[in-house]
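Letter by letter, the chains look like this.
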Amino acid sequence: MSSNKQQEVAIAIRRAIASLGNIESEFIRAEVSFEELDILPFWNLCGEAGFNSTIFIEAIKSELHVQFTEEQLKLSTVRDPDLNTHMKISEFVNEFYHWYNSLSDY
């Protein structure tokens, strides 16, 4: 995948985060951690028992216009923001892109 594809993935993830938080995607910055998103709807539960990672995955799939199999998701190397609230958006995007890019090898 090209750097253009990486940029598309980053934009899609920012849009998914923003959509769930009811905010414009321009306000989702790479250096922000998921913990810092706790002022937004949906994200205020990140790191708590009520957070639903599946909804976040669905939002990303919708933004990318792709489907992932259960097997692909099980083999994901991307850290879950719910369990890693200090992770920066840029770290998540990078991990997701590398995993997403590896899917084309199958």
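Summarised in this report is the structure supplied together with it. The structure displayed is predicted, hence computed values, not measured ones.

Focus: the overall build of the protein
- Per the secondary structure count, the protein includes four helices and zero strands.
- In sequence order, the protein lays out its α and β elements as α-α-α-α.
- Here the C-alpha radius of gyration of the protein, 13 Å, is about what a compact globule of 106 residues would show, namely 13 Å.
- For the C-alpha atoms alone, the extent of the protein along its principal axes is close to 40 × 30 × 20 Å.
- When burial is assessed residue by residue, the protein has 38% of its 106 residues classed as buried.
- Relative to all contacts within the protein whose residues are 6 or more apart in sequence, the contacts with residues 24 or more apart total 61%.
- Accessible surface computed for the protein: about 6,400 Å², of which carbon and sulfur atoms make up 49%.
- Positive and negative charge centroids in the protein, built from 8 and 17 side chains respectively, lie 5 Å apart.

Topic: the environment of Pro-81
- Within the secondary structure layout, Pro-81 lies in the loop between helix 3 (70-74) and helix 4 (89-102).
- Distance in space between the C-alpha atoms of Pro-81 and His-65 is 21 Å, their sequence separation being 16 residues.
- In contact with Pro-81, other than residues within four places in its own chain, are Phe-34, Cys-46, Phe-56, Met-87 and Phe-92.

A few points about the environment of Gly-21
- On the secondary structure map, Gly-21 appears in helix 1 (residues 3-21).
- With a relative accessible area of 1%, Gly-21 lands in the buried category.
- Sequence separation between Gly-21 and Phe-42 is 21 residues; the distance between their C-alpha atoms is 5.8 Å.

Quick word on helix 4
- Look at helix 4: 20 Å from first C-alpha to last across 14 residues, which is about the 20 Å you get at 1.5 Å a residue.
- Within the span of helix 4, buried status applies to Ile-89, Phe-92, Val-93, Phe-96, Tyr-97, Trp-99 and Tyr-100.
- Check the buried side of helix 4 and you find it contacts helix 1, helix 2 (53-64) and helix 3.

Quick word on the nonpolar core
- Phe-34, Trp-43, Phe-56 and Phe-96 are the most contacted members of the largest nonpolar core, which totals 32 residues.
- Of all elements in the fold, only helix 1, helix 2 and helix 4 reach the threshold of two or more residues within this core.
- Contacts of Trp-43, omitting those with residues within four sequence positions, involve Ile-17, Leu-20, Gly-21, Phe-34, Leu-37, Asp-38, Phe-51 and Phe-56.

Here we look at unusual backbone geometry
- In this structure, Asn-22 takes a positive phi of about 55° despite not being glycine.
- For Phe-42, which is not glycine, the phi torsion reads 70° and is therefore positive.

Some words on the packing of aromatic side chains
- Per the counting criterion, the structure on display carries 14 aromatic pairs.
- Here Phe-42 and Phe-51 contribute two aromatic rings whose centre-to-centre distance is 5.0 Å and whose plane-to-plane angle is 50°, an arrangement assigned as tilted. The two residues Phe-42 and Phe-51 agree in class, both being buried.

Conventions used here
Residues numbered from 1 in each chain as written. Predicted model: local features only at pLDDT ≥ 70, side-chain atom pairs only at ≥ 80, totals over all residues. Heavy atoms only, no water. Helix = DSSP H or I, 4+ residues; strand = E, 2+ residues; numbered from the N terminus. Rg over C-alpha atoms; globule rule 2.2 N^0.38 Å. Buried < 20%, exposed > 50% of the residue type's maximum accessible area, 1.4 Å probe, protein only. Contact = heavy atoms within 4.5 Å. Areas by Shrake-Rupley, 256 points an atom, 1.4 Å probe, with all protein chains shown as cover. Lys, Arg positive; Asp, Glu negative; His and termini not counted. Charge placed at Lys NZ, Arg CZ, Asp CG, Glu CD. Expected span 1.5 Å × (residues − 1). Core = buried A, V, L, I, M, F, W, Y, C linked by side-chain atoms within 4.5 Å. Phe/Tyr/Trp six-rings, centres within 6.5 Å; stacked < 30°, edge-to-face > 60°.

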